[in-house]
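Close look at the chain arrangement
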Amino acid sequence: MIDALWGWPPPVLDPAGPYSDKVTTLAWSLFGLGFAVTAIVAAALFVAIKGPPKWKAMLGGERAIWIGGVAFPGVVLTALLVWGLTLTASLTEPIRGDEMRIRVIGEMWWFRVQYLDPSGNIVMEDANEIHIPVGVPVVLELESADVIHSFWVPHLSGKKDMIPGRRTLLRIEADRAGEFGGVCAEYCGGQHALMGFVAVAHPPADYRAWQGTRMVRVASASTQANDALSQAAGTTTQKTDGRALFMQSGCAACHRVAGTEANGLAGPDLTHVGSRRSLGAGVLPNHLGTLIGWIGDSQSIKPGNRMPSYDKLAADELEAIARWLEQQK
Ligand code: CUA
């Protein structure tokens, strides 16, 4: 996930949507202008050293300083500022009311993701993954639960701070399908560098299918919970019952799995954890082995994260929990 940012061309210069396209236009203009200014300064330096005395005198005069040192940078920088703000204004436009909305909350050190309906109610929760349809502008409502983070998925848009107590807006849009890596771009503590996510852009039909399976999962989840409760009455827990172990070992106090008694809010929602691409916010690929490793010893993998290492659990217990979590898609 985080590795995905180190490809070539760098994602900032490889826009995959209209908003990032504007940022790239601005970036290239600044590179070009910077190059031109460097060339002018180098030429002036050359004249000052090797030029004819008349030119040297002109360069050293008061007029040259007013023009080259005050007027030129003043005009150029002001024009650039106005143009840059105008060009990128659409990235942070207020919500009109008919857009697709997703709330992303920065936490130390992962991203809470909430899909919203048009009136702002949460319809689905996830973490460290944002799924969007191709060709549809999406408004992200960015918040923070603790310190200042910064949301950045360079293929799709600009960078925007996530500030405690405030809600900032950022629009993203993809014009091609793909998986686009993102990171937290503001130092936020020890594991800032391991705070990644991925934005997955689906062709519209695939997106609807993806959304459909998720909704079915959320709807059927409550039935599962009732089944489980009736089963739980009077049965003793086996060492390999992943679900029961998850509920009894403390996991459920911090994690929610929709439709089960696990209702914790401190950590990432695990309702769809089995379908996520990564674990630990972009740190590990998601499969049974890494899931076991993460539960058993997340403190070695991402020191200081808020989940303790469950090294008190036996290997078969860790595996049972991981197998059950893998099924939560
Ligand atoms: Cu969150 Cu850096």
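Notes on the structure in this doc start here. (Residues numbered from 1 in each chain as written. Predicted model: local features only at pLDDT ≥ 70, side-chain atom pairs only at ≥ 80, totals over all residues. Heavy atoms only, no water.)

**So, the overall build of the protein chain**
- From N to C terminus, the protein chain includes 8 helices and 12 strands.
- Expected size for 329 residues packed as a compact globule is a radius of gyration near 20 Å; at 26 Å, the protein chain overshoots this value by more than 25%.
- When each of the 329 residues of the protein chain is scored for burial, the buried share is 44%.
- Relative to all contacts within the protein chain whose residues are 6 or more apart in sequence, the contacts with residues 24 or more apart total 61%.
- When the accessible area of the protein chain is evaluated, it comes to approximately 16500 Å², of which 64% is carbon and sulfur surface. (Helix = DSSP H or I, 4+ residues; strand = E, 2+ residues; numbered from the N terminus. Rg over C-alpha atoms; globule rule 2.2 N^0.38 Å. Buried < 20%, exposed > 50% of the residue type's maximum accessible area, 1.4 Å probe, protein only. Contact = heavy atoms within 4.5 Å. Areas by Shrake-Rupley, 256 points an atom, 1.4 Å probe, with all protein chains shown as cover.)

**Focus: unusual backbone geometry**
- Trp-109 follows Met-108 through a cis peptide bond whose omega is 0°.
- The backbone of Asn-128 sits at a positive phi, close to 60°, despite the residue not being glycine.
- If you trace the backbone, Asn-128 turns up in the loop between strand E3 (122–127) and strand E4 (129–133).
- By relative accessible area, which is 9% here, Asn-128 ends up buried.
- The backbone phi angle of Ala-281 is positive, close to 65°, even though this residue is not glycine.
- Residue placement: Ala-281 occurs in the loop between strand E11 (278–279) and strand E12 (284–285).

**Re the side chain of Arg-101**
- Looking at where Arg-101 falls in the secondary structure, it is placed in strand E1 (residues 100–107).
- Here Pro-118 takes part through its backbone oxygen, which lies 3.0 Å from a polar atom of the side chain of Arg-101.
- Within polar-contact distance, the side chain of Arg-101 engages the side chain of Glu-141 at 2.7 Å.
- Those residues in contact with Arg-101, other than ones at most four positions away along the chain, are Ile-95, Gln-114, Tyr-115, Leu-116, Asp-117, Pro-118, Ser-119, Gly-120, Val-139 and Glu-141. (Polar contact = N/O pair within 3.5 Å; in protein donor to acceptor, adjacent residues only side chain to side chain.)

**Some details on the pairing of E3**
- For strand E2 (residues 110–116) and E3, the ladder comprises 5 bridges, and the chain directions are antiparallel. Along E3, the bridge assignment pairs Val-113 with Asp-126.
- Remark: 5 residues form the turn of the hairpin made by E2 and E3, two consecutive strands paired antiparallel; Gly-120 in that turn has positive phi of roughly 95°. (Pairing = 2+ DSSP bridges.)

**A look at the pairing of strand E6 (residues 149–152)**
- The sheet contact formed by E6 and strand E7 (residues 159–162) spans 4 bridges and is antiparallel. The residue bridging Trp-152 from the neighbouring strand is Lys-159, located in E7.
- Hairpin remark: E6 followed by E7, antiparallel, with 6 residues in the connecting loop.

**Describing the packing of aromatic side chains**
- Applying the stated criterion across every chain yields a total of 7 aromatic pairs.
- Aromatic pair Tyr-207 and Trp-210: ring centres 5.4 Å apart, planes at 35°, arrangement tilted. Placement of the pair is Tyr-207 and Trp-210 together in helix H4 (residues 204–232), with a separation of 3 residues, close to one helical turn.
- Exposure remark for Tyr-207: the relative accessible area of 5% places this residue in the buried category.
- Judged by relative accessible area, Trp-210 falls into the buried class, the value being 12%.
- With a centroid separation of 5.2 Å and 50° between ring planes, the pair formed by Phe-246 and Trp-324 is classed as tilted. Highlighted residues: Phe-246 in helix H5 (residues 242–248) and Trp-324 in helix H8 (residues 315–326), separated in sequence by 78 residues. Across the pair, exposure class does not vary: Phe-246 and Trp-324 are buried alike.
- In this structure an aromatic cluster arises from ring pairing among Phe-111, Phe-151 and Phe-197.
- The ring of Trp-152 has Lys-159 lying over it, and the distance from NZ or CZ to the ring centre is 4.4 Å. (Phe/Tyr/Trp six-rings, centres within 6.5 Å; stacked < 30°, edge-to-face > 60°. Lys NZ or Arg CZ within 6 Å of the ring centre and 35° of its normal.)

**A closer look at the sheet that holds E6**
- The strand order E4-E10-E9-E6-E7 describes an open sheet built from 5 strands, whose pairing is mixed. Lying at the two open borders of the sheet, with one neighbouring strand each, are E4 and E7. Between one strand axis and the next, the sheet turns through 25° on average, direction left out of account. (Axes fitted to C-alpha atoms, helices over the stretch in contact; angles between N-to-C directions.)

**Remarks on the sheet that holds strand E5 (residues 138–144)**
- Read from one edge of the open sheet, 5 strands run E3-E2-E1-E5-E8, paired in mixed fashion. Every other strand in the sheet has two partners, leaving E3 and strand E8 (168–172) as the edge strands with one partner each. Here the average twist between neighbouring strands, direction ignored, is 25°.
- Summarising the sheet, E5 and E8 pair through 5 bridges and their orientation is antiparallel. Its bridge partner lying in E8, Val-138 is registered against Ile-172.

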